[in-house]
Amino acid sequence: MTEPTPFPPTAPPPRLVTPGLYLVATPIGNLRDMTLRALDVLAAADLVLAEDTRVTAKLLSAYGLKAKLERCDDHASARAAEIAIERVREGQVVALVSDAGTPVISDPGFVVARAFIAADLPVHPIPGASSLLAALCMAGQPSDRFLFAGFLPPKSAARKTMLGELKAGRQTLVFFESGPRLAASLADMAEVLGDRPAAVTREMTKLYEEAIRGTLAELTVDPRCDSPKGEIVIVVGPGAAEVASEADIDAALTEALTRLSTGEAASEVADAFDLPRKPLYRRALELQGKG
């Protein structure tokens, strides 16, 4: 194992931080994941909106920074938006952070960002750490097409309903979850989605970083998934494609032909069933008595 080399002193110089709202990503566990640009913005900020001011105060202290802090949680986001808009209109710099990761993603800061956009005021993303993307990278599931579904409902019935709405999609699914609800959520996923490959990731970038991989049925009974501690992200792979019957295809083509031209109907059904277009075009002609 080699020691990391010191960061080169030839890093690009900081740019002027102009008035506006800056959505600043913060580390999800490892303080060295803070970006230079994020530090530049926080150093220049006249006001920092924070989900938990105590957490953000510790973060700022770790880098020798001080700033005026304003609470921006679920109960205070509307008021924080009003204060921030007033400050920016006065020519000040406002930074928005969450407790960890990229703000606005399943986060009360969304209210502030939307208010700024509605007021036609500048909003600048300062990218960095994201538990969503970190989990997707380490899960080992397809990442070319994915759907982030945030937190599932706490009650099983509502959770199953939401999972049922997501079942048909042909993409990887990503969820946030708490430790106490993890096992129950995995069991509902296995029941509704089927036994798909998945990964439970926790404590990413921290000392006890872990990715528990297996099928949903395997993860449901894995003792490591029984109320673990830490921030948890579940990544579920796409389900197996269902093979459409000839009757299903003919029904879809017949319906599409009532609305579209032959070529357009063939294209629509090809996309819907993930099938080649040419055979569907020939079948559409046959259904019209032109084949």
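Relevant structure appears above.
Residues numbered from 1 in each chain as written. Predicted model: local features only at pLDDT ≥ 70, side-chain atom pairs only at ≥ 80, totals over all residues. Heavy atoms only, no water.

**Q** Just to check I follow, could you spell out the side chain of R159 for this structure?
**A** Among the secondary structure elements, R159 is positioned in helix α6 (residues 156-166). Polar side-chain contacts of R159 include one of 2.9 Å to the side chain of D188. For R159, the residues in contact, after removing those within four places along its chain, are L152, P153, P154, R181, A184, S185 and D188. (Helix = DSSP H or I, 4+ residues; strand = E, 2+ residues; numbered from the N terminus. Polar contact = N/O pair within 3.5 Å; in protein donor to acceptor, adjacent residues only side chain to side chain. Contact = heavy atoms within 4.5 Å.)

**Q** Sorry if this is basic, but what is going on with the packing of aromatic side chains here?
**A** The relative placement of two aromatic rings is captured by the distance of their centres and the angle of their planes. Considering all chains together, one arrives at two aromatic pairs under this definition. Judged by centre distance (4.9 Å) and plane angle (65°), the rings of F148 and F176 are edge-to-face. Here F148, found in strand β6 (residues 146-151), pairs with F176, found in strand β7 (residues 172-177); they are 28 residues apart in sequence, far enough to count as distant. Of the residues examined, F148 reaches a relative accessible area of 26% and is grouped as partly exposed. Ring geometry for F151 and F176: centres 5.5 Å apart, planes at 65°, overall edge-to-face. Linking F151 in strand β6 with F176 in strand β7, this pair joins segments that are 25 residues apart in sequence. A residue is classified by how much of its surface remains accessible, and F151, at 44% relative accessible area, is partly exposed. Look at F176 and you get buried, because its relative accessible area is 12%. Among the aromatic residues, those joined into a cluster by ring pairs are F148, F151 and F176. (Phe/Tyr/Trp six-rings, centres within 6.5 Å; stacked < 30°, edge-to-face > 60°. Buried < 20%, exposed > 50% of the residue type's maximum accessible area, 1.4 Å probe, protein only.)

**Q** How do you make sense of the sheet that holds strand β2 (residues 47-50) when you look at a structure like this?
**A** Neighbouring strands of a sheet are bound in pairs by backbone hydrogen bonds; such pairs are parallel or else antiparallel. Spatial strand order, β3-β2-β4-β1-β5: five strands in an open sheet with parallel pairing. The outermost strands of the open sheet, each flanked by one partner alone, are β3 (69-71) and β5 (123-126). Neighbour to neighbour, the strand axes of the sheet diverge by 25° on average, direction disregarded. As paired strands, strand β1 (residues 20-24) and strand β4 (residues 93-97) are joined by four bridges and run parallel to one another. Within β4, the residue paired with G20 across the bridge is V93. Contacts from helix α3 (residues 77-89) reach β1, β2, β3 and β4 within the one sheet, and its direction differs from that of β2 by about 160°. (Pairing = 2+ DSSP bridges. Axes fitted to C-alpha atoms, helices over the stretch in contact; angles between N-to-C directions.)

**Q** Honestly, the pattern of salt bridges in this entry has me stumped. Any pointers?
**A** Side chains that differ in charge, positive against negative, can pair when their charged atoms come close. Inspection of every chain in the model, using the stated rule, returns 13 salt bridges. We note a salt bridge from R224 to D222, for which the minimum N-O separation is 2.8 Å. The partner of R259 in a salt bridge is E268, and the shortest N-O contact between them spans 2.6 Å. Judged by relative accessible area, R259 falls into the partly exposed class, the value being 46%. If you follow the salt bridges from partner to partner, you end up with D250, R283 and E286 in one network. (Salt bridge = Lys/Arg side-chain N within 4 Å of Asp/Glu carboxyl O.)

**Q** Looking at this model, I keep getting lost on the sheet that holds strand β10 (residues 232-236). Mind explaining?
**A** Pairing is mixed in the open sheet, where five strands are placed in the order β6-β7-β10-β8-β9. The sheet is open, and its two edges are formed by β6 and β9 (210-215), each paired on a single side. On average, each strand axis in the sheet is tilted by 15° relative to the strand beside it, whichever way the strands run. Across the sheet, α6 is in contact with β6 and β7; its angle to β6 comes to roughly 170°.

Purely spatial values, then, with no claim about function.
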